[in-house]
Amino acid sequence: MKLYRVHADTGDTFIVAHDQKENKDRLKTENNEFEIEYVGQGTREGEIILKINGEMHRVFIDNGWIILDNARTFRAERVTELPTQEGQTLDEMIKGKEGEVLSPLQGRVVQVRVKEGDAVNKGQPLLSIEAMKSETIVSAPISGLVEKVLVKAGQGVKKGDILVVIK
């Protein structure tokens, strides 16, 4: 089983677990689960036919866009494989990544407002990032305790970098 962090072109980030058994792939996100089976080649070059959760679909990739049944559905900007721990269930692996606070943009950390061990509420400001003379406040996605602060003021960050871990 493999675990991936998928960065969409919309700025959204998803954790996706992938498992393969026999001729079927299983993808699971925080909210959805898909069973995918390769059926064969489509009618145009590069098109494939997949059975997704029992329904037939034509899939084509065009400039990074996944075209599902002739409709643009998703474009991944970047995909990163994440480490997994043996013995953990799929749900535990996905849940373990929910407290990771990622940088929404490339910039420079201006101010860190929390330290390790602090209790935070969902929506509470954690730090500020400056990019192109504009400051963005990064807030807590969940309530919990700050387990790790991985950045400091003045440090440069890229979009998708882990800034803080909340448990």
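Scroll up to find the structure.
Residues numbered from 1 in each chain as written. Predicted model: local features only at pLDDT ≥ 70, side-chain atom pairs only at ≥ 80, totals over all residues. Heavy atoms only, no water.

Within the secondary structure layout, Lys133 lies in the loop between β12 (125-131) and β13 (134-139). Taking the relative accessible area as the measure of exposure, Lys133 reaches 81% and is therefore exposed. Lys133 sits 11 residues away from Gly144 along the chain, and the two C-alpha atoms are 31 Å apart. (Helix = DSSP H or I, 4+ residues; strand = E, 2+ residues; numbered from the N terminus. Buried < 20%, exposed > 50% of the residue type's maximum accessible area, 1.4 Å probe, protein only.)

With that settled, the discussion passes to the pairing of strand β6 (residues 55-62). Bridge count for strand β5 (residues 48-52) against β6 is five bridges, and the pairing is antiparallel. Of the residues in β6, the one forming a bridge with Lys51 is Met56. Adjacent in sequence and paired antiparallel, β5 and β6 are bridged by two residues, among which Asn53 carries a positive phi angle near 50°. By the bridge criterion, four bridges tie β6 to strand β7 (residues 65-68) in an arrangement that is antiparallel. Bridged to Ile61 within β7 is Ile66. What sits between the antiparallel neighbours β6 and β7 is a turn of two residues, in which Asn63 has the positive phi angle 50°. (Pairing = 2+ DSSP bridges.)

Quick look at the sheet that holds strand β9 (residues 100-102) now. Read across the sheet, four strands follow the order β9-β16-β14-β11 without closing on themselves; strand pairing throughout is antiparallel. Of all strands in the sheet, those bounded by a partner on one side alone are β9 and β11 (119-120). Pairing of β11 with strand β14 (residues 144-149), which is carried by two bridges, proceeds in the antiparallel orientation. What sits directly across from Val120, in β14, is Gly144.

This next bit is on the packing of aromatic side chains. Any aromatic ring pair is given by two values, namely how distant the centres are and how the planes are angled relative to each other. Tallying each qualifying case throughout the model produces zero aromatic pairs. Lying across the ring of Phe60, Arg44 places its NZ or CZ 4.1 Å from the centre. (Phe/Tyr/Trp six-rings, centres within 6.5 Å; stacked < 30°, edge-to-face > 60°. Lys NZ or Arg CZ within 6 Å of the ring centre and 35° of its normal.)

Enumeration over the complete set of coordinates arrives at seven salt bridges. Among the salt bridges present, the one from Asp118 reaches Lys115, with a minimum N-O distance of 3.3 Å. Lys115 gets classed as exposed once you look at its relative accessible area, which sits at 56%. Linked through salt bridges whose partners overlap, the residues forming this network are Arg26, Lys28 and Glu33. (Salt bridge = Lys/Arg side-chain N within 4 Å of Asp/Glu carboxyl O.)

Let us look at the sheet that holds β7. Taken in spatial order, the eight strands close into a barrel running β1-β2-β3-β4-β5-β6-β7-β8, and their pairing is antiparallel. Averaged over all adjacent pairs, the angle separating strand axes in this sheet is 40°, with direction ignored. (Axes fitted to C-alpha atoms, helices over the stretch in contact; angles between N-to-C directions.)

Turning next to unusual backbone geometry. Located in the positive-phi region is Asn53, a residue other than glycine, with phi close to 50°. Structurally, Asn53 can be placed in the loop between β5 and β6. Note on Asn53: relative accessible area 45%, which makes it partly exposed. For Asp69, which is not glycine, the phi dihedral falls at a positive 55°. The residue Asp69 is located in the loop between β7 and β8 (71-82) in this model.

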